[in-house]
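# Structural overview for review
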Amino acid sequence: MTSDSYITFENVRFSRGRKCIFDGVNIAIPRGKITAIMGPSGTGKTTLLRLIGGQIKPDSGTVRVDGLDVARASSKSLLAMRRRLGMLFQNGALFTDLTAAENVAFPLREHSRLPEPMIQRMVTLKLQAVGLLEAAGQMPAALSGGMARRVALARALALDPELMLYDEPFTGQDPINVGVLLRLIASLNQALGLTSVLVSHDVTEALSIADHVVVINQARIVASGSPDALRAEMPGNPFLRQFLEGAPDDDQSELGQRSARTFAEALGLLPRPDKSDAAAAASRHRNVG
Ligand SMILES: Nc1ncnc2c1ncn2[C@@H]1O[C@H](COP(=O)(O)OP(=O)(O)OP(=O)(O)O)[C@@H](O)[C@H]1O
């Protein structure tokens with residue numbers, strides 16, 4: 001681990017029943033950057049986020065978040081770590097009986113003792129950060145899907161996290177909303193000095209903002225580095241090449257095939273489909289739904 005790593009996985013093993021999800025993986029997630037986690041469906045990307053959050057523990061090995069050994073930390077240290085962590089998951093629905101502003105205020109009321117005027121100020125700042133101040137008084141039912149996702153992002157930022165975990169944040173969104181979310185994720189990471197970990201099937205989109213990429217396949221890390229470094233590594237890396245050339249042996253699903261294809265497209269290894277990027281992305285979103 002270097003001091004530039006915010007999160008490290010050191011020889012982490014994790015199984016579900018008889019299925020080995022991680023077979024001694026080492027990962028370094030750089031501080032202050034956006035790291036995209038890629039891999040075919042079912043390879044353990046969400047599991048990786050749950051190991052980071054400490055919801056599950058490795059069978060062996062160590063997961064460190066800013067130096068904290070997550071599995072062996074006291075519950076007090078774990079709680080403190082989680083308060084520095086924001087999460088935006090595809091199912092992170094808003095509370096339907098609270099306005100947008102009340103949704104953003106919720107974690108502040110739950111986890112801080114700030115006086116009400118300060119909470120209102122924080123809510124205003126967070127809604128401004130996602131460009132939705134005008135929606136403060138709206139109920140979730142009155143928001144578009146894209147607006148609701150941005151309010152959920154504002155809520156995830158409420159406690160000023162250092163680390164943001166995004167699990168499929170673009171699912172169900174149209175290309176314009178995906179573009180807005182991408183720009184927000186990138187600009188917030190930069191402006192707030194965050195470290196972001198992004199799990200997404202939208203490979204082209206995720207790679208457009210990723211500084212660092214980790215590719216998982218069959219319980220191992222098959223490649224990691226910048227998109228440029230992966231491109232350079234591809235010819236000498238049979239695992240990566242297999243992933244790029246087609247779905248792995250045990251994943252013949254349409255999703256697995258698509259992950260491999262879009263990854264190769266994103267690295268410029270395959271010609272892009274003869275459509276505009278937006279139309280291609282729209283077609284992928286429909287498929288994911
Ligand atoms: N609670 C659980 N109990 C048993 N097996 C589980 C559980 N959660 C996940 N798994 C299994 O662990 C493996 C990894 O799941 P995970 O959700 O991390 O994959 P993923 O890469 O995020 O998949 P996707 O891209 O489809 O979202 C899968 O085989 C899944 O079936």
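Calculation notes
- Residues numbered from 1 in each chain as written.
- Predicted model: local features only at pLDDT ≥ 70, side-chain atom pairs only at ≥ 80, totals over all residues.
- Helix = DSSP H or I, 4+ residues; strand = E, 2+ residues; numbered from the N terminus.
- Buried ≥ 20, exposed ≤ 12 C-beta atoms within 10 Å, placed from the backbone.
- Contact = placed C-beta atoms within 7 Å.
- Domains from an automatic or database assignment.
- Nonpolar A, V, L, I, M, F, W, Y, C, P; charged D, E, K, R; others polar.
- Pairing = 2+ DSSP bridges.
- Axes fitted to C-alpha atoms, helices over the stretch in contact; angles between N-to-C directions.
- Near = placed C-beta within 6 Å.

## Remarks on the overall build of the chain
Summing up its helical and strand segments, the chain has 11 helices and 10 strands in all. In the chain, which comprises 289 residues, the share counted as buried stands at 37%. Within the chain, contacts between residues at least 6 apart in sequence are counted, and of these 66% link residues at least 24 apart.

## Here we look at the domain arrangement of the chain
Assigned domains of the chain: these are domain 1 (5–84 + 161–288) and domain 2 (99–160). Sorting elements by how many residues they give to the side of domain 1 that touches domain 2 places helix H6 (residues 175–192) first, with five residues. Classifying every residue of the side of domain 1 that touches domain 2 by side-chain character gives seven nonpolar, three polar and one charged.

## Some points on the sheet that holds strand E6 (residues 85–89)
With mixed pairing, six strands are arranged side by side in an open sheet as E6-E7-E8-E3-E9-E10. Either end of the sheet is taken by a strand with one partner, and the two such strands are E6 and strand E10 (220–225). Between one strand axis and the next, the sheet turns by 15° as a mean value, whatever way the strands run. In this sheet, strand E8 (residues 195–199) lies alongside strand E7 (residues 163–167) in parallel orientation, the contact comprising five bridges. Bridge assignment links Tyr-166 to a residue of E8, and that residue is Leu-198.

## Examining the pairing of strand E1 (residues 5–16)
Two elements, E1 and strand E2 (residues 19–30), share nine bridges in a ladder whose sense is antiparallel. Across the sheet, Ile-7 pairs through a bridge with Ile-29, a residue of E2. As consecutive antiparallel partners, E1 and E2 are separated by two residues, and within that stretch Gly-17 has a phi angle of approximately 60°, a positive value. In this sheet, strand E4 (residues 60–65) lies alongside E1 in antiparallel orientation, the contact comprising five bridges. Considered in E4, the bridge of Arg-13 is made with Ser-60.

## Things to note about the site of the ligand
The environment of the ligand is formed by Arg-16, Lys-19, Ile-21, Gly-39, Ser-41, Gly-42, Thr-43, Gly-44, Lys-45, Thr-46 and Thr-47. Among the elements of the structure, E2 and helix H1 (45–53) are those that each provide at least two residues to the shell around the ligand.

## A few points about the environment of Lys-126
Structurally, the position occupied by Lys-126 is in helix H4 (residues 116–129). Lys-126 sits in the buried class, given 24 other C-beta atoms within 10 Å. Residues Lys-126 and Ala-105, 21 residues apart in the sequence, show an inter-C-alpha distance of 9.6 Å. Contacts of Lys-126, omitting those with residues within four sequence positions, involve Val-104, Ala-154, Leu-157 and Ala-158.

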